[in-house]
Structure formats: C-alpha cells, structure tokens
Amino acid sequence: ELRLQAESPLPQAAVPEQAYLLRISGGRALLCASTPAALQHGLATLVQLLTLARGAPGALLLPELELQDAPDLAERGVLLDVSRDKVPTMATLRALIDRLARWKINQLQLYIEHTFAYPGHEAVWQHASPLTAAEVRQLDAYCAERHVQLVPNQNSFGHLHRWLVHEPYRQ
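Residues numbered from 1 in each chain as written. Predicted model: local features only at pLDDT ≥ 70, side-chain atom pairs only at ≥ 80, totals over all residues. Heavy atoms only, no water.

Draft legend 1. How the structure looks around the pattern of salt bridges. A complete count under the given rule lists six salt bridges for this structure. Between D81 and R84 there is a salt bridge, with the nearest N and O atoms lying 3.7 Å from each other. Owing to a relative accessible area of 29%, D81 belongs among the partly exposed residues under this scheme. Here the salt bridges do not stand alone but share partners, grouping D81, R84 and E113 into one network. (Salt bridge = Lys/Arg side-chain N within 4 Å of Asp/Glu carboxyl O. Buried < 20%, exposed > 50% of the residue type's maximum accessible area, 1.4 Å probe, protein only.)

Draft legend 2. Molecular detail of the sheet that holds strand β7 (residues 149-154). Strand order in the open sheet made by the three strands is β5-β6-β7, with parallel pairing throughout. What marks the edges here is a single partner per strand, and that holds for β5 (77-81) and β7. When the angles between neighbouring strand axes are averaged without regard to direction, this sheet yields 20°. One ladder, built from five bridges, connects β5 with strand β6 (residues 107-112); its direction is parallel. Bridging across to β6, V78 finds its partner in L108. (Pairing = 2+ DSSP bridges. Helix = DSSP H or I, 4+ residues; strand = E, 2+ residues; numbered from the N terminus. Axes fitted to C-alpha atoms, helices over the stretch in contact; angles between N-to-C directions.)

Draft legend 3. Structural view of the nonpolar core. Core analysis: the largest hydrophobic core is formed by 19 residues, its most contacted members being V82, I97, L108, L110, L131, L139 and L150. Secondary structure elements with two or more residues in this core: α2 (90-102), β6 and α4 (133-145). A per-element tally of this core places α2 first, with five residues. (Core = buried A, V, L, I, M, F, W, Y, C linked by side-chain atoms within 4.5 Å.)

Draft legend 4. Broad picture of α4. Between its first and last C-alpha atoms α4 spans 19 Å; for 13 residues at 1.5 Å apiece the expected length is 18 Å, and the two agree. Of the positions making up α4, those classed as buried are V136, L139, Y142 and C143. Looking straight down α4, one finds that the buried residues subtend no more than 120° of arc, so they occupy a single side. Away from the buried face of α4 by more than 90 degrees, exposed residues R137 and E145 are located. Each element contacted by the buried residues of α4 is listed here: α2, β6 and β7. In the stretch just after α4, H147 is the one whose phi turns positive, near 60°. (Expected span 1.5 Å × (residues − 1). Arc of directions from axis to C-beta. Contact = heavy atoms within 4.5 Å.)

Draft legend 5. Region of interest: the packing of aromatic side chains. Overall, the coordinates contain three aromatic pairs when judged by the stated rule. Between the aromatic rings of F116 and Y118, the centroid separation amounts to 4.7 Å while the plane-to-plane angle is 70°, which identifies the pairing as edge-to-face. Judged by its relative accessible area of 16%, F116 is buried. Judged by relative accessible area, Y118 falls into the partly exposed class, the value being 29%. (Phe/Tyr/Trp six-rings, centres within 6.5 Å; stacked < 30°, edge-to-face > 60°.)

Draft legend 6. Highlighting the side chain of K104. Tracing the backbone shows K104 in the loop between α2 and β6. A polar contact of 3.1 Å, which involves the side chain of K104, links it to the side chain of Y20. Discounting chain neighbours no more than four positions away, the residues touching K104 are Y20, H41, A44, T45, D69 and R76. (Polar contact = N/O pair within 3.5 Å; in protein donor to acceptor, adjacent residues only side chain to side chain.)

Draft legend 7. A look at the packing of α2 against α4. At a minimum axis separation of 10 Å, α2 and α4 run at an interaxial angle of 20°. Taken together, the axes of α2 and α4 lie roughly parallel to each other. Considering only the axes of α2 and α4, their crossing is right-handed. Here α2 contributes M90, L93, R94, I97 and D98 to the contact with α4, which in turn contributes E135, Q138, L139, Y142 and C143. Of the residues belonging to the contact of α2 with α4, the class tally is six nonpolar, one polar and three charged. (Parallel < 35°, antiparallel > 145°, perpendicular 65-115°, else oblique. Left-handed = near helix turned anticlockwise from the far one by under 90°. Nonpolar A, V, L, I, M, F, W, Y, C, P; charged D, E, K, R; others polar.)

Just geometry here; none of it tells us what the structure is for.
Structure, rendered in structure tokens:
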C-alpha cells in the first residue's frame, strides 16, 4: 500500500521547499511532501528503491526505512550544448528532461550559438536544424510539468563565427 500525503508531518517552517519524508514499514509506504516538486523527488526515490527491490517472483521486497531528504543545493543544473554537431530532436530532449527530473535535477540550460531559428536571420541557422521559438516554448512547458526550469543560454561575442561569416553581420 502506498499513501501520499500532500503535507509534511513536520512544522512548515522546518521543512525545506524540496524536502520529503519516505517511510516504508509493515508492507506500506508513506510519502509526505509539502510541494509538488518535493513529492516528485520522493517518488523518484521510491522508484529507485522499487527498481532495486528483490523478492519472490511477482513480489517486491522493500527495505523498512524512514528517509527524510532535501537537496543541499536549491538549484541543480545541467548545461547542454546544442550548437555542436546535430541538434537533439524534441523526442531526445524530452527523454533527457525526464531523466534529469528522475535524478532530481531542477534546471536545464540549453547553450545556443547559431541553432535558434531567429526570424529574418535564416542565413545563420539554415543548415543547423535549429530549435524554433515554438519548440522552445514546448520544451519550457514540458520542463515546468517536471519541476525543471529551462534556461536558454544564448552565447554571444566570443562565439559569433556562424554569424560573422555572413556579409550582413561583418560590420
């Protein structure tokens, strides 16, 4: 039996925003969290435990435990360079976001040089399979549903080669 509790049994002031309590005892699991992000983190831990569970065929044997967990760092991010070689497909990016959420990563930075489809600047990105504004908005919504903040990282000045090779931008 798995019970989810939207509130923490601890006083709210004592509970960090992303903290959760997982208690497994007597064949039951209780997961308490005060925020949706904390609940997601607790579920990720429970899934990890279920993946490791060993028991008779068709049965799970979970360890009895009480776990109070909270991240040491409020922001835990990954920077992904999407300006080298092939730009990841939307399906690949969604799969990565799902994996990052399971790892309790809450920030994804997309490092972009010439791989964003700026309207009116097709010469820069036409051979780069760029991300469009609509796709970035879709990724942002997908991230938000998983409590991951999408942070666009548009490089400039030091990495403008793909812009400056075109006559209109050389000046």
